[in-house]
Amino acid sequence: MKNSKPRACDPGCRIQRFTFAPLGQACETHLSIQWVGEGSFAEQLNGLESAYRETLCESDLSWDSAVFRRVFLSDASNQEAALQSSPLARSTASAPVALSVIEQTPLPASKIALWAYHVEDSRSGLDRSHTRTGLALRRGELEHLWSTHWDLEDGALDLDVAGQTHAVFQAYIEELERHGGTLRDHVQRTWIFVPSVDRDYGAMTAARRELFLAEGLTPESHYLASTGIAGRSSECRQDVILEGYAVVGIASDQVQYLTAPDHLGPTQ
């Protein structure tokens, strides 16, 4: 694992790079780029893109090696259209990317920040394709599924937080089934965003707990690694955003679940 120290980059970005490159195997790199200066959204968007390109060049990474990008915006309703027109959102049939767009104001206060995940393998190209909600990356017998932002249908948008939680998870379960996967056996990570943690988090977690029990996820089995945090969609009526990472084909003995009974109580 090679980590770079945060550094400033003209015209005002803070950049961190984390690389995992076992000898003779694929190289995986996570990049965090955050705007830290003033300027309009257009200026910050263009500046961040320039810093991203420069960092890729310095890291000997190609633009097309991107697998996943999450862009944090301060005002998604008014900024997402410009983002979708920028190279940061570009995704082609030959080089598809799972794109996540979340309204969550970066700190220190700015209008945009980026997390990007890149994979390069000198032994072979990346076998990947678009899915209904993201990207499928096939490596050997494993299929890595990056699911980003489930757009709820109009009827579901009228539901409360608990109802929307059930709706997004049900859609995710159906998508996993299309790839031969299940929530219990193949999902490694979820991210759940709600507009207000104080107001919405309790209802979301209660609905999630009911759904997990129905899917066989219990304190006696395991729960999914997950982030539940405040965040919004450009669709103001959508109160629950679910994104996930699953590995279809992975064996149970390839996964270890973290526990710390000497310091923490069991997951509830």
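One structure accompanies this document, and this report is about it. Quick caveat: nothing in here was measured; it's all calculated off a predicted structure.

Calculation criteria
- Residues numbered from 1 in each chain as written.
- Predicted model: local features only at pLDDT ≥ 70, side-chain atom pairs only at ≥ 80, totals over all residues.
- Heavy atoms only, no water.
- Helix = DSSP H or I, 4+ residues; strand = E, 2+ residues; numbered from the N terminus.
- Rg over C-alpha atoms; globule rule 2.2 N^0.38 Å.
- Buried < 20%, exposed > 50% of the residue type's maximum accessible area, 1.4 Å probe, protein only.
- Contact = heavy atoms within 4.5 Å.
- Lys, Arg positive; Asp, Glu negative; His and termini not counted.
- Charge placed at Lys NZ, Arg CZ, Asp CG, Glu CD.
- Axes fitted to C-alpha atoms, helices over the stretch in contact; angles between N-to-C directions.
- Parallel < 35°, antiparallel > 145°, perpendicular 65-115°, else oblique.
- Left-handed = near helix turned anticlockwise from the far one by under 90°.
- Nonpolar A, V, L, I, M, F, W, Y, C, P; charged D, E, K, R; others polar.
- Arc of directions from axis to C-beta.
- Pairing = 2+ DSSP bridges.
- Phe/Tyr/Trp six-rings, centres within 6.5 Å; stacked < 30°, edge-to-face > 60°.
- Lys NZ or Arg CZ within 6 Å of the ring centre and 35° of its normal.

### Here we look at the overall build of the protein
Here is step 1 of the chain: Counting secondary structure elements, the protein contains six helices and 13 strands.
Here is step 2 of the chain: Taken against the 2.2 N^0.38 rule, which gives 18 Å for 268 residues, the C-alpha radius of gyration of the protein at 19 Å falls within 12% of a compact globule.
Here is step 3 of the chain: C-alpha atoms of the protein, sized along the principal axes, occupy 50 × 45 × 45 Å.
Here is step 4 of the chain: Expressed as a percentage of the 268 residues in the protein, the buried residues total 47%.
Here is step 5 of the chain: Nonlocal contacts in the protein, meaning residues at least 24 apart in sequence, comprise 71% of its contacts between residues at least 6 apart.
Here is step 6 of the chain: Of the side chains in the protein, 23 bear a positive and 36 a negative charge, and the two mean positions are spaced by 5 Å.

### A word on the packing of helix α4 (residues 161–178) against helix α6 (residues 197–214)
Here is step 1 of the chain: Closest axis-to-axis distance for the α4/α6 pair is 8 Å, and the angle between their directions is 45 degrees. Between α4 and α6, the angle falls in the class oblique. Our pair here, α4 against α6, has a crossing hand that is right-handed. Packed against α4, whose contacting residues are V161, A162, T165, H166, F169 and I173, the element α6 presents D200, A203, M204, A207, R208, E210, L211 and F212 at the interface.
Here is step 2 of the chain: Residues of the contact of α4 with α6, tallied by class, amount to nine nonpolar, two polar and three charged.

### Observations concerning helix α2 (residues 76–84)
Here is step 1 of the chain: Looking at α2, one finds that the buried residues are A76, Q79, E80 and L83. On an axial view of α2, the arc spanned by its buried residues comes to 115 degrees, and they lie on one face. Exposed residues lying more than 90 degrees from the buried face of α2 are N78 and A81.
Here is step 2 of the chain: Turning to α2, the residues buried within the fold contact α1 (41–58), β5 (66–73) and β6 (98–103).

### Some words on the pairing of strand β13 (residues 241–248)
Here is step 1 of the chain: Of all eight residues in β13, eight are buried, a share of seventy percent or more.
Here is step 2 of the chain: Judged by which residues are buried, β13 turns out to be covered on both faces: I241, E243, Y245 and V247 on one side and L242, G244, A246 and V248 on the other are all buried.
Here is step 3 of the chain: For strand β11 (residues 187–194) and β13, the ladder comprises six bridges, and the chain directions are antiparallel. For T190, the partnering residue across the bridge sits in β13 and is G244.

### Overview of the sheet that holds β13
Here is step 1 of the chain: Ordered in space as β8-β9-β10-β13-β11-β12, the six strands form an open sheet in which the pairing is mixed. The sheet is open, and its two edges are formed by β8 (127–130) and β12 (225–230), each paired on a single side. With direction set aside, neighbouring strand axes in the sheet form an average angle of 10 degrees.
Here is step 2 of the chain: By the bridge criterion, six bridges tie β11 to β12 in an arrangement that is parallel. Bridge pairing links W191 to T227 in β12.
Here is step 3 of the chain: Packing of α6 onto the sheet brings it into contact with β11 and β12, and relative to β11 it is tilted by some 145 degrees.

### Concerning the packing of aromatic side chains
Here is step 1 of the chain: Tallying each qualifying case throughout the model produces nine aromatic pairs.
Here is step 2 of the chain: With 5.9 Å between their ring centres and 90 degrees between their planes, F169 and F212 make a pair best called edge-to-face. Pair noted here: F169 is in helix α4 and F212 is in helix α6, with a separation of 43 residues, a long-range link.
Here is step 3 of the chain: Overall, F212 belongs to the buried group, its relative accessible area being 6%.
Here is step 4 of the chain: Pairwise contacts between aromatic rings join F68, W115, Y117, W146, W191 and Y245 into one cluster.
Here is step 5 of the chain: Here the guanidinium or amino end of R53 rests over the ring plane of W63, the centre of that ring lying 4.2 Å away.
Here is step 6 of the chain: In this arrangement the basic side chain of R69 is found over the ring face of W63, its NZ or CZ atom lying 4.8 Å from the centre.

### Describing the environment of L61
Here is step 1 of the chain: The residue L61 is located in the loop between α1 and β5 in this model.
Here is step 2 of the chain: Along the chain, L61 and H118 lie 57 residues apart, while their C-alpha atoms are 7.8 Å from each other.
Here is step 3 of the chain: Residues in contact with L61, not counting those within four places in the same chain, are T29, L56, H118 and E120.

Any functional reading would require information beyond the geometric quantities listed.
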